[in-house]
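# Breakdown of the fold
Residues per chain are reported as follows:
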Amino acid sequence: MKVINTIAALKSLLEPIKLAKQKIALVPTMGALHKGHVSLIKIAQQQADVVVCSIFVNPTQFTDPKDLEKYPRPLEHDMKMLQEAGCNVVFMPSVTEMYPKPEEWHIDLGPAEFLLEGEFRKGHYQGVTQIVKKLFDAVNPDIAFFGQKDFQQVLMIKNMVSEFNLPVQIVSCPIIREDDGLAMSSRNIHLSAEDRENALVLSKALTYVKDNFSTHSIPVLLEAAKKLINGTPGVELDYFTIANGATLLPEEDKKHHDIVALVAAKVGQTRLIDNMILN
Ligand code: AMP
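Residues numbered from 1 in each chain as written. Predicted model: local features only at pLDDT ≥ 70, side-chain atom pairs only at ≥ 80, totals over all residues. Heavy atoms only, no water.

Moving on, we come to the overall build of the protein. The helix and strand inventory of the protein stands at 10 helices and nine strands. On C-alpha atoms alone, the protein measures out to a radius of gyration of 19 Å, which is about the 19 Å that the 2.2 N^0.38 rule sets for 279 residues. Across its three principal axes, the protein shows a C-alpha extent of roughly 55 × 40 × 40 Å. Among the 279 residues that make up the protein, the fraction classed as buried is 53%. Sequence-distant contacts in the protein: of pairs separated by 6 or more residues, those separated by 24 or more amount to 72%. For the protein, the accessible surface area stands at approximately 13500 Å², while carbon and sulfur atoms represent 54% of it. Treating the 29 positive side-chain charges of the protein as one cloud and the 34 negative ones as another, the clouds have centres 3 Å apart. (Helix = DSSP H or I, 4+ residues; strand = E, 2+ residues; numbered from the N terminus. Rg over C-alpha atoms; globule rule 2.2 N^0.38 Å. Buried < 20%, exposed > 50% of the residue type's maximum accessible area, 1.4 Å probe, protein only. Contact = heavy atoms within 4.5 Å. Areas by Shrake-Rupley, 256 points an atom, 1.4 Å probe, with all protein chains shown as cover. Lys, Arg positive; Asp, Glu negative; His and termini not counted. Charge placed at Lys NZ, Arg CZ, Asp CG, Glu CD.)

Around the ligand, the surrounding shell holds 17 residues, and the nearest of these are M30, G147, D150, I176 and M184. One of the backbone N or O atoms of I176 is found 2.9 Å from a nitrogen atom in the ligand. About the coverage of the ligand: the protein hides 92% of its 490 Å² of free accessible area. Sorting the residues of the shell around the ligand by element identifies β2 (24–29), α2 (35–47) and β5 (143–147) as the ones contributing at least two each. Here the element with the most residues in the shell around the ligand is α2; it accounts for three residues. Grouping the amino acids of the shell around the ligand by side-chain chemistry returns nine nonpolar, six polar and two charged. (Near = heavy atom within 4 Å. Polar contact = N/O pair within 3.5 Å; in protein donor to acceptor, adjacent residues only side chain to side chain. Nonpolar A, V, L, I, M, F, W, Y, C, P; charged D, E, K, R; others polar.)

A separate point is the UniProt feature "binding site: beta-alanine" (unreviewed entry) in the protein. UniProt tags Q61 as "binding site: beta-alanine" (unreviewed entry). In contact with Q61, not counting residues within four places along its chain, are M30, R121, H124, G127, V128 and I131. (UniProt positions renumbered as here; feature names shortened; annotations may be inferred.)

The subject of this paragraph is the sheet that holds strand β8 (residues 259–267). Judged by pairing direction, the sheet is antiparallel, and its three strands sit side by side in the order β7-β8-β9 without closing on themselves. The strands lining the two open edges of the sheet, one partner per strand, are β7 (235–244) and β9 (270–277). Taken pair by pair, the neighbouring strands of this sheet meet at an average axis angle of 15 degrees, ignoring direction. Bridge count between β7 and β8: nine bridges; the pairing is antiparallel. Counted as the bridge partner of T241 is L262 from β8. With respect to the sheet, helix α9 (residues 193–211) is in contact with β7, β8 and β9, its orientation differing from that of β9 by roughly 20 degrees. In the packing of helix α10 (residues 218–230) onto the sheet, the strands contacted are β7 and β8, and the crossing angle to β7 comes to about 160 degrees. (Pairing = 2+ DSSP bridges. Axes fitted to C-alpha atoms, helices over the stretch in contact; angles between N-to-C directions.)

Here the focus is the sheet that holds strand β3 (residues 50–55). Taken in spatial order, the six strands line up as β1-β4-β3-β2-β5-β6 in an open sheet, and their pairing is parallel. Of all the strands in the sheet, the pair left with one neighbour each is β1 (2–4) and β6 (169–173). Across the sheet, the axes of successive neighbouring strands diverge by a mean angle of 25 degrees, strand direction being ignored. Relative to β6, β5 is paired through five bridges, and the arrangement is parallel. Its bridge partner being in β6, F146 is matched across the sheet by S172. Against the sheet, helix α4 (residues 75–85) engages β1, β3 and β4 (89–91), with an angle of about 165 degrees to β3. Of the strands in this sheet, β2, β3, β4, β5 and β6 touch helix α7 (residues 124–139), which is tilted by about 150 degrees from β2.

Next up on the list: the packing of aromatic side chains. With the rule as written, the count across this model stands at four aromatic pairs. For the pair F62 and Y71, a centre-to-centre distance of 5.8 Å together with 80 degrees between the ring planes defines the contact as edge-to-face. Here F62 and Y71 have matching classes, each one buried. Both rings, one in W105 and one in F164, keep their centres 5.9 Å apart while their planes meet at 45 degrees; by these two values the pair is tilted. Of the two residues, W105 sits in the loop between α5 (95–98) and α6 (117–120) while F164 sits in helix α8 (residues 151–164), which places them 59 residues apart along the sequence. Against the face of F164 rests K133, its NZ or CZ located 5.2 Å from the ring centre. (Phe/Tyr/Trp six-rings, centres within 6.5 Å; stacked < 30°, edge-to-face > 60°. Lys NZ or Arg CZ within 6 Å of the ring centre and 35° of its normal.)

What follows is about the domain arrangement of the protein. Partitioning the protein into structural domains gives domain 1 (2–173) and domain 2 (186–274). Once you take the C-alpha centre of each, domain 1 and domain 2 turn out to be 26 Å apart. Each partner contributes to the interface: domain 1 provides 20 residues, whereas domain 2 provides 18 residues. Here domain 1 and domain 2 share an interface that buries about 1700 Å² over both sides, 62% of which is from carbon and sulfur atoms. Summed over the shared surface of domain 1 and domain 2, the result is two salt bridges. Across the pair D67 and R187 runs a salt bridge whose closest N-O atoms are separated by 2.8 Å. Applying the counting rule to domain 1 against domain 2 returns six residue pairs in polar contact (both at pLDDT 80 or more). (Domains from an automatic or database assignment. Buried area = accessible area lost by both parts, 1.4 Å probe. Salt bridge = Lys/Arg side-chain N within 4 Å of Asp/Glu carboxyl O.)

Okay, structure coming up:
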């Protein structure tokens, strides 16, 4: 496994691979790796010749400076996980490598940018697409893998790719969960034992909605899910929605395909998101 810190070194490593027509995959991460990240690498390995995993805690996508500061950075653990996963290249640039000078970034990501996470984390998807574009420029991947865990993020990245007409295929990979249903997240380490227990209500509410989707109306499902979450101590709901998977607007017609339930809540001091595709 090669560990690379600069764009120049990365390009000189990958250019001959690209010229040899080998397929290059990119798995962008912010580190603090868990089995969810590893699953992306494993899926990437099945579809490409060389897998590049980037670790970069991107400052421009954080709306809360405290959140950026306390973001976990367990470097040794990450290297071990990547080695064991059989990752070929780790790209781990510094902030100045990725942002050598002040720069403006604003692209049209469509109306869904401002919904859900975009409403609670203003400018988040501008920051996300800014760094993903830079990573695409550095790696020049044929294919890039993202988790369905960040459902809206995948949508925004697909919109960015189509806005610039980039020659990269975007793949959304299934959510990996703990045995009890909690979606794996780098932020879960901030949960106290009590938070950890309370956080289960998010996947429970989503599962309830999924299990009852064919028999109950959308308003009834929403009410039950919100009641479950609001009745859990230490959990502060930001949103629970049943939405159209393409527009993220509230869905009213169960006959549509591509319907997804999405939730975000603060559990103790930690903000968590989760979702489930319903049909
Ligand atoms: P992050 O390091 O949190 O930015 O995540 C890096 C990538 O891993 C993103 O594409 C996430 O959607 C994905 N990811 C995070 N958690 C999970 C999970 N539990 N299952 C699958 N993919 C995940």
